[in-house]
Amino acid sequence: MAHSDVYDPFHNELWALSVMASTLDNVRLRVFGLQPDVQQERPQGFARSLAQVLSSLRRGEVELIAVVEQALKTENPSLNTIFNRYPKAFVLNPAEELGSFMDIRETSLGLLRGLTSAQWERKVNDPERGLVSLSQLAVERANLDLEEMDYMAQLRHAIVQLEPLQGNDAR
């Protein structure tokens, strides 16, 4: 997403908060009924597993909180705002990763919901991108959520095609 100071009435911090909050339910929906071993699978054509996407979301959320907290403490801090999107490590416990993401997302939503109008406009000086407002970061995070939810939906569909869900023994 290109950075601009032009106000976008549809993609602002309120829109971002709404998307970020709905991501909690969307993530649950995409992993529902899939056992942890199945969440580690990567069907042909997919670069990441569901567990890796969860890990990416969790890591990005931790980084977002750190950036927002630093921006609130320091005027124009110099921070990297391009969050780690694609971890390749094997996730030992996808259920724990999911729970951790849910907890961290609730924390970041609480932090972001408490920002004043002036705080939303606080800038972070990214060494590669220049000045980025907290509002822009929230919109970027929401757009990334939408991309990840789309990827997870496609991945879930591919997994279920390979291994259909079966009663209480849902893989």
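Just so it is clear, the model here is predicted, and its values are computed rather than measured.

Regarding its fold elements, the protein chain presents six helices and two strands. When the helices and strands of the protein chain are listed from N to C terminus, the series reads α-α-α-α-α-β-β-α. By sequence separation, contacts in the protein chain at least 24 residues apart represent 79% of the contacts at least 6 residues apart. When the accessible surface of the protein chain is totalled, it reaches about 9,000 Å², and 53% of it is carbon and sulfur.

Here the focus is the pattern of salt bridges. For the structure shown, the criterion picks out nine salt bridges. The closest approach of N and O atoms between Glu97 and Arg58, which form a salt bridge, is 2.4 Å. Of this pair, Glu97 sits in helix α4 (residues 94-113) while Arg58 sits in helix α3 (residues 50-73), and the two are 39 residues apart along the sequence. Side by side, Glu97 and Arg58 carry an identical accessibility label, which is buried.

Attention shifts here to the nonpolar core. Counting 38 residues, the largest nonpolar core has Val27, Leu57, Leu112, Trp120, Leu134, Leu137 and Met152 as the members making the most contacts within it. Those elements that place two or more of their residues in this core are α1 (13-31), α3, α4 and α6 (134-162). A per-element tally of this core places α6 first, with 11 residues. Setting aside its immediate chain neighbours within four residues, Leu57 contacts Val27, Phe101, Arg141, Asp145, Glu148, Met149 and Met152.

According to the stated counting rule, one finds one aromatic pair in the structure shown. Ring centres of Phe46 and Tyr151 lie 5.8 Å apart, and the angle between their planes is 75°; on these two criteria the pair is classed as edge-to-face. One end of the pair, Phe46, is in the loop between α2 (36-39) and α3; the other, Tyr151, is in helix α6, with 105 residues separating them in the sequence. For the pair shown, Phe46 and Tyr151 are each scored as buried. A cation sits over an aromatic face here: Arg48 above Tyr151, 4.7 Å from the ring centre.

This part is about the packing of α3 against α4. Closest axis-to-axis distance for the α3/α4 pair is 9 Å, and the angle between their directions is 25°. As the angle between them shows, α3 and α4 are arranged roughly parallel. Here α3 runs over α4; the crossing is left-handed. Between α3 and α4, the contacting residues are Ala51, Leu54, Ser55, Leu57, Arg58, Glu61, Val62, Leu64, Ile65, Val68, Glu69 and Leu72 on the first element and Pro94, Glu97, Leu98, Ser100, Phe101, Ile104, Arg105, Thr107, Ser108, Leu111 and Leu112 on the second. For the contact of α3 with α4, the residue count by class is 14 nonpolar, four polar and five charged.

We now examine the confidence of the model for the protein chain. Reading predicted coordinates in detail is not appropriate for stretches of low pLDDT. When pLDDT is averaged along the protein chain, the result is 86; 85% of the residues meet or exceed 70. Here residues 1-6 scores under 50 on pLDDT; set against residues more than four positions off or in separate chains, the count is nine contacts. Counting interchain partners and residues more than four positions distant, the pLDDT-below-50 stretch residues 167-171 has 11 contacts.

The subject of this paragraph is the side chain of Gln136. Position of Gln136 relative to the elements: it lies in helix α6. Look at Gln136 and you get buried, because its relative accessible area is 13%.

With that settled, consider the pairing of strand β1 (residues 123-126). Residues Val124 and Asp126 of β1 are buried on one face, while the alternating residues Lys123 and Asn125, pointing to the opposite face, are not. Between β1 and strand β2 (residues 130-133), which pair antiparallel in sequence order, lie three residues.

So, on to unusual backbone geometry. One non-glycine residue, Asn76, lies in the positive phi region at around 50°. Turning to its location among the elements, Asn76 is positioned in the loop between α3 and α4.

The rules behind the values
Residues numbered from 1 in each chain as written. Predicted model: local features only at pLDDT ≥ 70, side-chain atom pairs only at ≥ 80, totals over all residues. Heavy atoms only, no water. Helix = DSSP H or I, 4+ residues; strand = E, 2+ residues; numbered from the N terminus. Contact = heavy atoms within 4.5 Å. Areas by Shrake-Rupley, 256 points an atom, 1.4 Å probe, with all protein chains shown as cover. Salt bridge = Lys/Arg side-chain N within 4 Å of Asp/Glu carboxyl O. Buried < 20%, exposed > 50% of the residue type's maximum accessible area, 1.4 Å probe, protein only. Core = buried A, V, L, I, M, F, W, Y, C linked by side-chain atoms within 4.5 Å. Phe/Tyr/Trp six-rings, centres within 6.5 Å; stacked < 30°, edge-to-face > 60°. Lys NZ or Arg CZ within 6 Å of the ring centre and 35° of its normal. Axes fitted to C-alpha atoms, helices over the stretch in contact; angles between N-to-C directions. Parallel < 35°, antiparallel > 145°, perpendicular 65-115°, else oblique. Left-handed = near helix turned anticlockwise from the far one by under 90°. Nonpolar A, V, L, I, M, F, W, Y, C, P; charged D, E, K, R; others polar. pLDDT = per-residue confidence, 0-100. Pairing = 2+ DSSP bridges.

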